[in-house]
There are 2 protein chains.
Amino acid sequence: MPAAVRQIETVVKDRALIERRHVQICDAALHLFARKGYHLTSVREIAQAAHLSVGALYTYIKSKEDILLLVYRRILNLFQVKMSETIVESGDPTAQLRAGIEATLTLYDDYHDLILVLYQESHTLRKEALQQLFGVDRQYVSMFQAIIERGNRKGHFVAEDPNLAAIMILFLCAVWPLKRWNLKKYDLATVSDGVVGILLNGIGGGHGLRNDRAAD
Amino acid sequence: MPAAVRQIETVVKDRALIERRHVQICDAALHLFARKGYHLTSVREIAQAAHLSVGALYTYIKSKEDILLLVYRRILNLFQVKMSETIVESGDPTAQLRAGIEATLTLYDDYHDLILVLYQESHTLRKEALQQLFGVDRQYVSMFQAIIERGNRKGHFVAEDPNLAAIMILFLCAVWPLKRWNLKKYDLATVSDGVVGILLNGIGGGHGLRNDRAAD
């Protein structure tokens, strides 16, 4: 099928168009997943909401699982952009870690339903998609790990195992979407302060935190 | 239907029998949920594995959701027994909190698949069952909260909000079943030490921890 090959090649060549279509598909999918759940949302509905034909949609993604991965990659990208800005603005690992945790909690707040889907549905993914999802999560963890390692070297933190610490830090951020039903009396800022406080103290960065707070 | 009423009344009166049957149903369900998943396991299969007829099973539970609740209540009971022993053995809130976290991680290790089911399937429960499940979780949190409050009063901890701290502590224990795929290089003892360390330090109980470690 030279036409199909040509079409895919054309699409693959036009990175900006792919990017635009992926954003379009992401937005449509996010809205539908949040409203109907991942399993009850059909690819046809996503195509309709994205103002694409099903055929057109399939030139940008291979399966419904790809859409879920797209969506998680977008969240990771948003986090990476936010973290890069923070790392440029401040060389202080304590400030960087705090900013990282706060950025994660804000993203988890913005994409609350999607984080729920991540925990509820990831076991239903085929192995290849799951491995890709794990890859996204590992990249996210590695950004926290790099900050912790820098902080250890600079004497800000005393985290014995930066990898384990980074996994725990990223995981604890999910308390906001996953335990929201038990956090109704708290707002995002209070929970964010609580998570930052327990984690910075937890890896020995508490003095910096207390100094910062005293200086507020 | 006077016969049915009489039968339920008889069953309800014999608490020891109900308890035995619930344990029997729990064991069968646990095994099947772990192997096939909650949704793919039928009540008929649970009855067979529990060596009961479907009719007999329904004199002890009203729905499949009741079985899931039974199972979570059992985990909470196991934790409560373990915590009561620890609280009797030690009046030290730092030791109690450490024991509570370690007991939770051990239970989460023993019932790994069930904790996954809890996070994956609880959104599919009807409202009443979900409220009961939340009740079990709140009881679990309140045991940690009581230790933190005692520790605050005795000067062991400086947790600003014991309720929020307890929610975060219980949640972080779930890193072991939920992020197991990313913790493959660690064993339970290492993760347990890591979780205890970050949390005790996190609420200002780290000095006690470090002293204990130095004394090892």
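This one's a predicted model, so the numbers in the text were calculated from it and none came from an experiment.

Undergrad: Can you help me understand the interface of chain A and chain B in this one?
TA: When the parts of a complex come together, some accessible area is lost, and that lost area is often used as the size of the interface. Between chain A and chain B, the residue contacts involve 38 residues of the former and 38 residues of the latter. Counting each side, the surface lost to burial between chain A and chain B is near 3500 Å², with a carbon and sulfur contribution of 68%. The largest per-residue losses of area from chain A upon contact with chain B belong to Phe171(A), Trp181(A) and Ile198(A), which jointly make up 20% of the total buried on that side. Run the count over chain A and chain B and you get two salt bridges.

Undergrad: I keep staring at the layout of surface pockets and nothing clicks. Help me out?
TA: Remark: the empty space left among the atoms is shown by a probe the size of a water molecule rolled over them. When its volume is computed, the second largest pocket comes out at roughly 600 Å³. Mapped onto the lining of the second largest pocket, the elements with two or more residues apiece are α7 (112–121) and α10 (175–178) of chain A together with α5 (64–89), α7 (112–121), α8 (127–153) and α9 (162–173) of chain B. In terms of residue count, α8(B) provides more of the lining of the second largest pocket than any other element does, seven residues in total. Residue composition of the lining of the second largest pocket, by class: 19 nonpolar, five polar and four charged.

Undergrad: What should I look at first to understand helix α11 (residues 188–202) of chain B in this one?
TA: An α-helical turn contains 3.6 residues, so any two residues separated by three or four positions project in the same direction. Residues and elements named next belong to chain B. Over its 15 residues, α11 runs 20 Å from end to end, which matches the ideal 21 Å to within 8%, given 1.5 Å per residue. Along α11, eleven of the 15 residues are buried, which leaves the element largely enclosed by surrounding structure. Buried residues of α11: Val191, Ser192, Gly194, Val195, Val196, Gly197, Ile198, Leu199, Leu200, Asn201 and Gly202, and no others. A positive phi of about 85° marks Gly204, the residue just after α11.

Undergrad: Whenever I open this one, the confidence of the model for chain A confuses me. Can you help?
TA: Note: predicted coordinates in regions of low pLDDT should not be interpreted at a detailed level. All names here are of chain A. Averaged over all residues, the pLDDT of chain A is 84; the fraction at 70 or higher stands at 89%. Note on residues 1–10: pLDDT is under 50 here. Beyond four places in sequence and across chains, it has one contact. Contacts of residues 208–216 to residues separated by more than four positions or lying in other chains number eleven contacts, the stretch itself having pLDDT below 50. Predicted as a complex, the structure gets a pTM of 0.83 and an ipTM equal to 0.83.

Undergrad: Before we go on, may I ask you to explain the nonpolar core in this structure?
TA: Buried together is how nonpolar side chains tend to be arranged in soluble globular proteins. Grouped together as the largest cluster of nonpolar side chains are 155 residues, with contacts concentrated most on Ile101(A) and Ile101(B). Setting aside residues up to four positions removed in sequence, Ile101(A) forms contacts with Phe144(A), Ile169(A), Cys173(A), Val195(A), Val196(A) and Leu199(A).

Undergrad: Before we go on, may I ask you to explain the environment of Arg153(B) in this structure?
TA: Residues and elements named next belong to chain B. With respect to the element layout, Arg153 can be found in helix α8. A relative accessible area of 65% places Arg153 in the exposed class. Separated by 60 residues in sequence, Arg153 and Pro93 place their C-alpha atoms 10.0 Å apart.

Undergrad: Would you mind showing me how to read the relation of the copies chain A and chain B here?
TA: Each of the two chain copies goes to the other by way of a rotation about an axis and a shift along it. With an RMSD of 0.1 Å, chain A superimposes on chain B once it is rotated by 180° and translated 0.0 Å along the axis. The operation mapping one copy onto its partner corresponds to a two-fold rotation axis. Of the interface residues in chain A, 100% have counterparts in chain B that sit at the interface too, so the contact is made through matching surfaces.

Undergrad: How should I be thinking about the packing of helix α8 (residues 127–153) of chain A against helix α9 (residues 162–173) of chain A in this particular structure?
TA: When two helices pack together, their arrangement is captured by the angle between the axes and the distance separating the axes. Residue and element names in this part refer to chain A. At a minimum axis distance of 8 Å, the contact between α8 and α9 shows a crossing angle of 125°. Between α8 and α9, the interaxial angle falls into the category oblique. Of the two possible hands of crossing, α8 and α9 adopt the one that is right-handed. Residues Asp137, Tyr140, Val141, Phe144, Gln145, Ile148, Glu149 and Asn152 of α8 pack against Pro162, Asn163, Ala165, Ala166, Ile167, Ile169 and Leu170 of α9. Looking at the contact of α8 with α9, its residues break down into ten nonpolar, three polar and two charged.

Undergrad: What exactly am I supposed to notice about the domain arrangement of chain A here?
TA: Residues and elements named next belong to chain A. Taken as a whole, chain A is organised into domain 1 (9–62) and domain 2 (64–202). The centre of domain 1, based on its C-alpha atoms, is set 26 Å off from the matching centre of domain 2. Buried area between domain 1 and domain 2, summed over both chains or domains, comes out near 1600 Å², and the portion from carbon and sulfur atoms is 71%. The interface formed by domain 1 and domain 2 includes zero salt bridges.

Undergrad: Would you mind showing me how to read the packing of aromatic side chains here?
TA: The description of an aromatic ring pair uses the distance of the two centres, along with the angle that the planes make with each other. Under the criterion given, the structure shown has eleven aromatic pairs over all chains. Where Trp181(A) meets Phe134(B), the ring centres are 3.8 Å apart and the plane angle is 5°; that geometry is what we call stacked. Of this pair, Trp181(A) sits in the loop between α10 and α11 (188–202) while Phe134(B) sits in helix α8, placing the two residues on different chains. By the burial criterion, Trp181(A) is buried, and Phe134(B) matches it. Between the aromatic rings of Tyr140(B) and Phe144(B), the centroid separation amounts to 6.2 Å while the plane-to-plane angle is 15°, which identifies the pairing as stacked. Linking Tyr140(B) with Phe144(B), this pair stays in helix α8, spanning four residues, or about one helical turn. We classify Tyr140(B) as buried; its relative accessible area is 5%.

Undergrad: Looking at this structure, how should I read the side chain of Thr59(B)?
TA: Its place among the elements puts Thr59(B) in the loop between α4 (54–57) and α5. Within polar-contact distance, the side chain of Thr59(B) engages the backbone oxygen of Ala56(B) at 2.5 Å.

Undergrad: Hey, could you run me through the side chain of Thr41(B) in this one?
TA: Residue and element names in this part refer to chain B. Note on placement: Thr41 falls in the loop between α2 (15–36) and α3 (43–49). For Thr41, a relative accessible area of 1% puts it in the buried group. Here the side chain of Thr41 touches Leu32 through a polar contact of 3.5 Å, landing on its backbone oxygen.

Undergrad: Mind showing me how you'd approach the pattern of salt bridges here?
TA: Where charged atoms from two side chains of opposite charge approach closely, those side chains can pair. Counted according to the given criterion, the structure contains 13 salt bridges over all chains. Here Arg74(B) makes a salt bridge to Asp27(B), at a shortest N to O gap of 2.8 Å. Within this pair, whereas Arg74(B) is found in helix α5, its partner Asp27(B) is found in helix α2, the two being separated by 47 residues in sequence. The closest approach of N and O atoms between Glu45(B) and Lys36(B), which form a salt bridge, is 2.5 Å. Take Glu45(B): its relative accessible area is 23%, and that puts it in the partly exposed class. It is possible to trace a salt-bridge network through shared partners that takes in Glu65(A), Asp66(A), Arg126(A) and Glu128(A).

Rules and cut-offs
Residues numbered from 1 in each chain as written. Chains lettered and ligands numbered in written order. Predicted model: local features only at pLDDT ≥ 70, side-chain atom pairs only at ≥ 80, totals over all residues. Heavy atoms only, no water. Contact = heavy atoms within 4.5 Å. Buried area = accessible area lost by both parts, 1.4 Å probe. Salt bridge = Lys/Arg side-chain N within 4 Å of Asp/Glu carboxyl O. 1 Å grid on protein atoms, 1.4 Å probe; cavity = no way out; pocket = protein on both sides within 12 Å on 5 of 7 lines; lining within 4 Å. Points joined across faces, edges and corners; volume = space filled by probe spheres on them. Helix = DSSP H or I, 4+ residues; strand = E, 2+ residues; numbered from the N terminus. Nonpolar A, V, L, I, M, F, W, Y, C, P; charged D, E, K, R; others polar. Expected span 1.5 Å × (residues − 1). Buried < 20%, exposed > 50% of the residue type's maximum accessible area, 1.4 Å probe, protein only. pLDDT = per-residue confidence, 0-100. Core = buried A, V, L, I, M, F, W, Y, C linked by side-chain atoms within 4.5 Å. Least-squares fit on C-alpha atoms with pLDDT ≥ 70 in both. Axes fitted to C-alpha atoms, helices over the stretch in contact; angles between N-to-C directions. Parallel < 35°, antiparallel > 145°, perpendicular 65-115°, else oblique. Left-handed = near helix turned anticlockwise from the far one by under 90°. Domains from an automatic or database assignment. Phe/Tyr/Trp six-rings, centres within 6.5 Å; stacked < 30°, edge-to-face > 60°. Polar contact = N/O pair within 3.5 Å; in protein donor to acceptor, adjacent residues only side chain to side chain.

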